[in-house]
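The residues making up each chain are set out below.
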Number of protein chains: 2
Amino acid sequence: MSKLSLNIVLIGAGNVAWHLAQELQNKGQNILQIYNRSVEPAIDLSSKLGCDFTTRIADISQDADLYILAIKDSAIEDLARNINLKGKLVVHTSGAIEQDVIPTKRRGVFYPLQTISKEKKLNFKTIPFCIEASKSEDYNLLMRLATLLSPMVYNINSHQRKVLHVAAVFACNFSNFMYMIADDILHKEDIPLEILQPLIKETAAKIKRHKPKGVQTGPAIRKDSETIEKHFEYLKEGNYYDIYKLLTESIISENENEL
Amino acid sequence: MSKLSLNIVLIGAGNVAWHLAQELQNKGQNILQIYNRSVEPAIDLSSKLGCDFTTRIADISQDADLYILAIKDSAIEDLARNINLKGKLVVHTSGAIEQDVIPTKRRGVFYPLQTISKEKKLNFKTIPFCIEASKSEDYNLLMRLATLLSPMVYNINSHQRKVLHVAAVFACNFSNFMYMIADDILHKEDIPLEILQPLIKETAAKIKRHKPKGVQTGPAIRKDSETIEKHFEYLKEGNYYDIYKLLTESIISENENEL
């Protein structure tokens, strides 16, 4: 297979565009142009890359092989409708938006599944890419491109991407909320959360090698009613009683359904 | 301060005793004897250390400076009552048991806060030690001993240790349950949980540098009711609707209480 060398226009100059454009260039792709509505970020990124930029939709180059919309979710549909790119492959980078909001026939999704902030250096090799495309040649092209950046490339359609988002809310947003509750409980007793950091890290690392169901520990899974009662007693005045109760009952009932 | 060199009897030969005895010996302490009810683990560990062992409570050496009870929670109280060690310092290694179940005047707790399994090599430097003692000289001695093993040593009394346990249920047991729900949701769509591993790892790592409250993300904290409705719709037939609802409402209300 010949070396991949695409002409790419990056639409957007925010966090995702910032890192993605540089990494694509590092991997031998040609960033033809940056489009961004406001001028300063467009200048910043295009001068970093040594490429052209524009702030006018009408001036977006027609000469690229691939147009990557790395802009906020709420702007994708409008912008995709306003650019005039017949026959060109247009993709967005969002986890939450369906592929079909892009009106061109050749459309797709190129979604890096990680929290991305501009300041923090990214190791792309640890970022999963979720790929979708309306045409199989374009799907293959996006797979080849993603594989240049990361070994973790997945075929994920729009429905799966929505489900992935629900799962990520549990695994990440709600886990962080559990850390917040722990922090709040410890704070009242003058204990720093860092004391739990090694255990939190180990809990997150364990699921690389094990199914979470197989490594569930704690009073609920042991049905240690004496400890659970002590915890209820401690929590009953506060905001977290209901959460402790529902999650404890759910762990117990999940486990009983297995038997 | 002179180099610490204690004569220690380890009561127990399970996971904690196994790692702790070897690490204490590596750090220049003298393991005088292993006591264990059943003979095989006692032989295994004592031959690894090159020290004496016994399976009879009456034969426990009277010559040690420190007796460490590294046995299961439910056995601590009984054993502490049956050994006859007047004037000796006796400690247990449990997170859940109060110091005062040990009847000797010189008593304490020497609690390593990490999941410990026999097979897995431990890096003691990453294990927080929670120390408590009835007498301040003994507290100082245990602090010096713990500091040989780890830079993370905390003064935690029995009440704080109970609260720490409640917090650990949220931060670790309940987080793992969130991973389990994510795994279950993804499994139905043939998506492997590994796709979320980098995000889970980053979420756990973030709280080293930030308060969890400051880095809460997701539809609840954004009050993104459109996405929340989509997620409700997806979850409404299943077991996880109530959990999603309670946690989402709690995140929203926690945030509103701040304003």
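Each remark here, short or long, concerns the structure printed above.
Nothing here was measured: the structure is a model prediction, and the numbers come from that model.

Q: Explanation requested: the relation of the copies chain B and chain A in the structure shown.
A: For the pair chain B and chain A, the best superposition has an RMSD of 0.1 Å and corresponds to a rotation of 180° with a translation of 0.0 Å parallel to the axis. The transformation just described matches what one would write down for a two-fold rotation axis. Judged by C-alpha distance, Ser 175 of chain B is the residue of chain B that lies nearest the rotation axis, at 2.4 Å.

Q: Please explain a nonpolar patch on the surface as it appears in this structure.
A: Residues Val 39, Ile 43 and Phe 53 of chain A make up a contiguous nonpolar surface patch of about 220 Å² in total accessible area. With respect to the helices and strands, the residue Phe 53 of chain A is situated in strand E3 (residues 52–54).

Q: Even after reading the chapter, I still don't get the pattern of salt bridges, so can you show me in this structure?
A: For side chains bearing opposite charge, pairing can occur when the charged atoms are close. A complete count under the given rule lists 28 salt bridges over all chains for this structure. The partner of Arg 81 of chain A in a salt bridge is Glu 77 of chain A, and the shortest N-O contact between them spans 3.3 Å. With a gap of 4 residues between them, Arg 81 of chain A and Glu 77 of chain A both fall in helix H3 (residues 73–82), about one helical turn apart. A relative accessible area of 38% places Glu 77 of chain A in the partly exposed class. Here Lys 223 of chain B and Glu 256 of chain B are joined by a salt bridge, their closest N and O atoms 3.1 Å apart. Taken together, the residues Lys 223 of chain B in the loop between helix H7 (219–222) and helix H8 (225–235) and Glu 256 of chain B in helix H9 (residues 241–258) connect sequence positions 33 residues apart. Judged by relative accessible area, Glu 256 of chain B falls into the partly exposed class, the value being 39%. Members of the salt-bridge network, linked through shared partners, are Glu 77, Asp 78 and Arg 81 of chain A.

Q: What is the right way to read the interface of chain B and chain A from this model?
A: Many descriptions give the size of an interface as the accessible area lost when the pieces come together. Contact residues are listed per partner, giving 81 residues for chain B and 81 residues for chain A. Of the roughly 7,900 Å² buried between chain B and chain A, counting both surfaces, carbon and sulfur atoms make up 71%. Along the contact surface separating chain B from chain A lie 2 salt bridges. One salt bridge in this structure joins Lys 211 of chain B and Asp 183 of chain A, with 2.8 Å as the shortest N-O distance. The interface formed by chain B and chain A contains 25 residue pairs in polar contact (both at pLDDT 80 or more). Sorting elements by how many residues they give to the side of chain B that touches chain A places helix H5 (residues 158–188) of chain B first, with 26 residues.

Q: What should I look at first to understand the side chain of Glu 23 of chain A in this one?
A: Within the secondary structure, Glu 23 of chain A sits in helix H1 (residues 15–26). Here Glu 23 of chain A occupies a buried position and makes no salt bridge, while the nearest side chain of opposite charge, Lys 27 of chain A, is found at 4.1 Å.

Q: How should I be thinking about empty space enclosed by the protein in this particular structure?
A: A probe as big as a water molecule, rolled over the atoms, marks out the empty space that is left. All chains considered together, the criterion is met by 2 cavities of 30 Å³ or more. Roughly 40 Å³ of internal volume is contained in the largest cavity. Taken together, Gln 216, Thr 217, Gly 218, Pro 219, Ala 220, Tyr 244, Thr 248 and Ile 251 of chain A together with Val 169, Asn 173 and Phe 174 of chain B make up the full set of residues lining the largest cavity. At the level of elements, helix H8 (241–258) of chain A together with H5 of chain B are the ones that each hand at least two residues to the lining of the largest cavity. Looking at the lining of the largest cavity residue by residue, the class counts come to 6 nonpolar, 5 polar and no charged. In this model, the second largest cavity occupies a volume close to 30 Å³. Per element, the largest residue contribution to the lining of the second largest cavity is 3 residues, and it comes from helix H5 (residues 158–188) of chain A. The class makeup of the residues in the lining of the second largest cavity is 5 nonpolar, 4 polar and no charged.

Q: Would you take a moment to explain the layout of surface pockets for this structure?
A: Of the voids in this model, the second largest pocket is the one considered here, and its volume is about 1,500 Å³. What lines the second largest pocket is a set of 49 residues, and nearest its centre among them are Asp 73, Gly 95, Ala 96 and His 165 of chain A together with Arg 222 of chain B. Elements supplying a minimum of two residues to the lining of the second largest pocket: H1, H3, strand E6 (107–112) and H5 of chain A together with helix H6 (197–206), H7 and H8 of chain B. Here the element with the most residues in the lining of the second largest pocket is H5 of chain A; it accounts for 11 residues. Here the residues of the lining of the second largest pocket are counted per class, giving 18 nonpolar, 19 polar and 12 charged.

What counts and what doesn't
- Residues numbered from 1 in each chain as written.
- Chains lettered and ligands numbered in written order.
- Predicted model: local features only at pLDDT ≥ 70, side-chain atom pairs only at ≥ 80, totals over all residues.
- Heavy atoms only, no water.
- Least-squares fit on C-alpha atoms with pLDDT ≥ 70 in both.
- Patch = residues over 30% accessible without salt bridge, like charges linked within 9 Å, V, L, I, M, F, W, Y side chains within 5 Å.
- Areas by Shrake-Rupley, 256 points an atom, 1.4 Å probe, with all protein chains shown as cover.
- Salt bridge = Lys/Arg side-chain N within 4 Å of Asp/Glu carboxyl O.
- Helix = DSSP H or I, 4+ residues; strand = E, 2+ residues; numbered from the N terminus.
- Buried < 20%, exposed > 50% of the residue type's maximum accessible area, 1.4 Å probe, protein only.
- Contact = heavy atoms within 4.5 Å.
- Buried area = accessible area lost by both parts, 1.4 Å probe.
- Polar contact = N/O pair within 3.5 Å; in protein donor to acceptor, adjacent residues only side chain to side chain.
- Lys, Arg positive; Asp, Glu negative; His and termini not counted.
- 1 Å grid on protein atoms, 1.4 Å probe; cavity = no way out; pocket = protein on both sides within 12 Å on 5 of 7 lines; lining within 4 Å.
- Points joined across faces, edges and corners; volume = space filled by probe spheres on them.
- Nonpolar A, V, L, I, M, F, W, Y, C, P; charged D, E, K, R; others polar.

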